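Examination of the molecular architecture
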Amino acid sequence: MSPAIEVKVQTGALPDKMFQFIPSTIEFKTGVLYKLVLNNPGPNRHSFSSKQFAASVKTLKVQTTAKGVVKEGVGKEGVATDLQVIELPPETLVEWWLIPQQSAEFTDLHCTVPGHEETGMGGTIVVK
Ligand SMILES: [Cu+2]
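Positions within a chain are numbered from 1, following the residues in the order the chain's sequence is written. Given that this is a predicted model, residues contribute local features only at a pLDDT of at least 70 and side-chain atom pairs are listed and counted only at 80 or more, while totals for whole chains, interfaces and linings are drawn from all residues.

Strands here mean DSSP runs of E at least two residues long; helices mean DSSP runs of H or I at least four residues long; both are numbered from the N terminus. Helix and strand counts for the chain stand at 1 helix and 11 strands. In the chain, the succession of helices and strands from N to C terminus is β-β-β-β-β-α-β-β-β-β-β-β. With C-beta atoms placed from the backbone, the exposure class of a residue follows from how many other C-beta atoms lie within 10 Å of its own: 20 or more, buried; 12 or fewer, exposed; in between, partly exposed. Burial status across the chain gives 31% buried among its 128 residues. Restricting the contact set of the chain to residue pairs at least 6 apart, pairs at least 24 apart contribute 72%. Here, residues touch in the contact sense if the C-beta positions derived from the backbone fall within 7 Å of one another.

Below, the structure is given as structure tokens:
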């Protein structure tokens, strides 16, 4: 299999974009292996949640650098307990290896931390 294509999404670290996904529209193609890098470099807790997207992709691996330690798998220390909601504590990086299976537009991307979605922390995932 060819190397994974890296797609980076950051949870806002710029003062005026603390509660946004950067970028807020994420594009994929079906059948391609991706490494989706979710980076929370800031001081606030966030999450990355698109139940529709999580349910539609094939997940190969999830890895996180929470607390400076690389962990593999899901369900360790509340970081990636459920791919429907990927927890992103401050200064955490999560890498999600996935292959999109169906072309669709998922508009349910949001951060589940109370108040964040209302402040603009939502987005769209487009699979072509
Ligand atoms: Cu948030």
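Moving on from the coordinates now.
With that settled, the discussion passes to the pairing of strand 3 (residues 25–28). Of the two faces of strand 3, only one is covered, namely that formed by Ile-26 and Phe-28; the face formed by Thr-25 and Glu-27 stays uncovered. DSSP bridges decide pairing: two strands pair if at least two such bridges lie between them. Both strand 3 and strand 11 (residues 122–127) contribute to a ladder of 4 bridges, which runs parallel. Across the sheet, the residue bridging to Thr-25 is Thr-124, located in strand 11.

On to the confidence of the model for the chain, then. Summary of the metric used: pLDDT quantifies the predictor's per-residue confidence within the range 0 to 100. Considering every residue of the chain, the mean pLDDT works out to 86; 86% of them sit at 70 or more. Confidence drops under a pLDDT of 50 for residues 68–72, and excluding neighbours within four residues, the segment shows 8 contacts in the predicted structure. Here residues 74–79 scores under 50 on pLDDT; set against residues more than four positions off or in separate chains, the count is 14 contacts.

Glancing now at the sheet that holds strand 3. Backbone hydrogen bonds hold the strands of a sheet together, and the pairing may be parallel or antiparallel. The strand order across the open sheet formed by 3 strands is 3-11-10, and the pairing between neighbours is mixed. Where the open sheet ends on each side, the last strands, each with one partner, are strand 3 and strand 10 (104–110). Within this sheet the neighbouring strands show an average axis-to-axis angle of 20 degrees, counted without direction. With axes taken as lines fitted to C-alpha atoms, and helix axes fitted only over the stretch in contact, angles between N-to-C directions fall between 0 and 180 degrees.

Turning next to the environment of Lys-8. The topology assignment puts Lys-8 in strand 1 (residues 5–11). A sequence separation of 27 residues divides Lys-8 from Lys-35, and the C-alpha atoms of the two residues are 8.4 Å apart. The contacts of Lys-8, once residues within four sequence positions are left out, are Val-37 and Asn-39.

The next thing to look at is the nonpolar core. Membership of the largest hydrophobic core comes to 20 residues, with the highest contact counts inside it found for Val-9, Leu-36, Leu-38, Ile-86, Leu-88, Val-94 and Trp-96. When residues of this core are traced back to their parent elements, those giving at least two are strand 4 (34–40), helix 1 (51–56), strand 6 (57–64), strand 8 (86–88) and strand 9 (92–100). Among the elements that make up this core, the one with the highest residue count is strand 9 (3 residues). The term nonpolar core refers to a group of buried residues, namely Ala, Val, Leu, Ile, Met, Phe, Trp, Tyr and Cys, whose C-beta atoms join them within 7 Å.

Attention shifts here to the environment of Leu-36. Mapping Leu-36 onto the fold places it in strand 4. Classification of Leu-36 as buried rests on a count of 23 C-beta atoms within 10 Å. Distance in space between the C-alpha atoms of Leu-36 and Leu-98 is 7.5 Å, their sequence separation being 62 residues. The contacts of Leu-36, once residues within four sequence positions are left out, are Val-7, Val-9, Trp-96 and Leu-98.

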